[in-house]
Amino acid sequence: MIQSTDLITETAQILKDRLESPVSLREPLAKYTTFGLGGCADVFVNVGTLVDLRTLLAVAFSAGVPVTVLGDGSNVLISDLGVRGIVIKLAGEFNTFTIDGREVEAGGSVGMSRLIAETARAGLAGLENVYGVPGSVGGCVYMNAGTRYGWTSDTLVDVLVVQPDGKESLMSRDDLEMSYRHSRLQQMNPAPVVARARFRLESEDSSAIRSRIAERAKARQASQPLNHRSCGCMFTNPGSDSAGRLIDECGLKGLSEGSVSVSGKHANFFVTDEGATAADVRKLAERVRNRVRERTGITLDLEVRLLGEWPDE
Ligand SMILES: Cc1cc2nc3c(=O)[nH]c(=O)nc-3n(C[C@H](O)[C@H](O)[C@H](O)COP(=O)(O)OP(=O)(O)OC[C@H]3O[C@@H](n4cnc5c(N)ncnc54)[C@H](O)[C@@H]3O)c2cc1C
């Protein structure tokens, strides 16, 4: 839905009047993503409190202005045309966590790597199975991020969400219907915002947890192009096969479009150089998808989430 400029400006003014959180206009979003790509948000708010989050969503809902949530931007491709409406990023009180016995409650913007380090230090195991995922707690719940060792859902108990109309509710892990790289939040449009998540972990000697983390860090360094900008894996694995293996088998490592190429180190990573655009990433994804389909009959699905206004939609 195209929003009128007047409506956006008027809504931004209401938010400036009613929120303590900073509100900006025409905010460039590339810097909030690991790809480093994408245009501007009409309105951008770093939301620092639950009260502000509830107010913002209620105001946007009644004005009919869409709200898009950004976590750590490690699994999104933002259009070069940017995002219409309001983009929010959680901050402030959403960036804190508490540990109570084996239970950990973390705000939606807490970095998963920080949480893993702190819980390991406290002798709590479980979250290290998603070690290496560079996202926030909210983004990891939304994506059910995971690795070969485990998924976010394994230790999740429930999440506090704020619904699009500004009301809070609690969703249990079962409510979220989590499976490989999937949670029910992905089907909800507009989706609620994950404000907090509660995890239940196991007690274990902290040096044992840390040594697992160190091993996994080494394996990642060896197999992933971590010194390039990317969003991790572009495609989900089809069934029990590996998207990276299929792309490699089709001889597509090094294939490029503009300044975006299929990594020579890990075929499911697209890496970008100076001058890359989001449009190039999409074109390259389409070419890879077509070549894999022609050669193997398998259609790969994007893991990365497309955000914003795309010319073909
Ligand atoms: C180098 C690299 C390695 C990676 N390795 C892995 C891996 O091993 N396994 C894996 O699963 N992923 C991996 N990823 C992808 C990514 O880190 C995960 O998908 C992560 O969960 C995304 O979290 P984020 O906070 O960055 O979310 P974003 O990328 O900002 O957002 C992703 C989606 O979640 C939604 N979202 C974000 N925050 C919230 C919230 N608070 N409430 C509601 N919705 C929200 C967004 O709207 C968007 O649709 C990798 C990425 C990189 C760059």
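See the structure shown above.
Presented here is an overview of the structure given in this document. Predicted model only: the values in this text are computed from it and were never measured.

Reading the values: rules and limits
Residues numbered from 1 in each chain as written. Predicted model: local features only at pLDDT ≥ 70, side-chain atom pairs only at ≥ 80, totals over all residues. Heavy atoms only, no water. Pairing = 2+ DSSP bridges. Helix = DSSP H or I, 4+ residues; strand = E, 2+ residues; numbered from the N terminus. Axes fitted to C-alpha atoms, helices over the stretch in contact; angles between N-to-C directions. Contact = heavy atoms within 4.5 Å. Expected span 1.5 Å × (residues − 1). Buried < 20%, exposed > 50% of the residue type's maximum accessible area, 1.4 Å probe, protein only. Arc of directions from axis to C-beta. Near = heavy atom within 4 Å. Polar contact = N/O pair within 3.5 Å; in protein donor to acceptor, adjacent residues only side chain to side chain. Areas by Shrake-Rupley, 256 points an atom, 1.4 Å probe, with all protein chains shown as cover. Phe/Tyr/Trp six-rings, centres within 6.5 Å; stacked < 30°, edge-to-face > 60°.

Considerations on the sheet that holds strand β15 (residues 256-257)
Consideration 1: Spatially, 3 strands are ordered β15-β16-β17 in an open sheet, and the strand pairing comes out antiparallel. On the outer flanks of this sheet lie β15 and β17 (270-272), each paired with one strand and no other.
Consideration 2: In this sheet, β17 lies alongside strand β16 (residues 260-262) in antiparallel orientation, the contact comprising 3 bridges. Along β17, the bridge assignment pairs Val262 with Phe270.

Describing the sheet that holds strand β13 (residues 193-200)
Consideration 1: Spatial strand order, β6-β7-β13-β11-β12: 5 strands in an open sheet with antiparallel pairing. Where the open sheet ends on each side, the last strands, each with one partner, are β6 (97-100) and β12 (168-172). Between one strand and the next, the sheet's axes are offset by a mean angle of 15 degrees, whatever the strand orientation.
Consideration 2: Note that strand β11 (residues 156-162) and β12 share 5 bridges and pair antiparallel. Bridging from a neighbouring strand, Leu160 pairs with Leu170 of β12.
Consideration 3: Strand contacts of helix α2 (residues 50-63): β11, β12 and β13, with the helix running at about 55 degrees to β11, the strand carrying the most contacts.
Consideration 4: Strands β6, β7 (103-107) and β13 of the sheet are contacted by helix α3 (residues 112-121), whose axis makes an angle of about 30 degrees with β6.

Topic: helix α1 (residues 5-18)
Consideration 1: Compared with the 20 Å implied by 1.5 Å per residue over 14 residues, the 20 Å span of α1 between its first and last C-alpha is a close match.
Consideration 2: Residues of α1 that are buried: Ile8, Thr11, Ala12 and Leu15. Projection of α1 onto a plane perpendicular to its axis shows the buried side chains occupying an angular sector of 105 degrees, all on one side. In α1, the exposed positions that point more than 90 degrees away from the buried face belong to Asp6, Glu10 and Asp17.

What about the site of the ligand?
Consideration 1: Taken together, the neighbourhood of the ligand is formed by 32 residues, with Val69, Ser74, Ser136, Gly146 and Arg220 sitting nearest.
Consideration 2: Note that an oxygen atom of the ligand is positioned 3.2 Å from one of the backbone N or O atoms of Gly139.
Consideration 3: A distance of 2.8 Å is found between a nitrogen atom of the ligand and a backbone nitrogen or oxygen belonging to Val194.
Consideration 4: Notes on the ligand: free accessible area 970 Å², of which the protein chains cover 94%.
Consideration 5: Looking at the shell around the ligand, the elements that each hand over two or more residues are β3 (67-70), α4 (137-143) and β13.
Consideration 6: Here the shell around the ligand takes 5 residues from α4, the largest share from any one element.

Details of the pairing of β13
Consideration 1: As paired elements, β7 and β13 share 5 bridges and run antiparallel to each other. Across the sheet, residue Val104 finds its bridge partner in β13, namely Phe199.

Observations concerning the packing of aromatic side chains
Consideration 1: Taken as a whole and judged by the stated rule, the model has 3 aromatic pairs.
Consideration 2: Geometrically, the ring pair formed by Tyr32 and Phe44 is stacked, given 4.7 Å between the ring centres and 15 degrees between the ring planes. With Tyr32 in the loop between β1 (23-28) and β2 (40-47) and Phe44 in strand β2, this residue pair connects regions lying 12 residues apart in the sequence.
Consideration 3: Tyr32 sits in the buried class, given a relative accessible area of 18%.
Consideration 4: Measuring from ring centre to ring centre gives 6.3 Å for Trp151 and Tyr180, while their planes differ by 45 degrees; the resulting arrangement is tilted. You can see Trp151 sitting in strand β10 (residues 150-151) and its partner Tyr180 sitting in the loop between α5 (173-176) and β13, a full 29 residues away along the chain.
Consideration 5: Its relative accessible area of 30% is what places Trp151 among the partly exposed residues.

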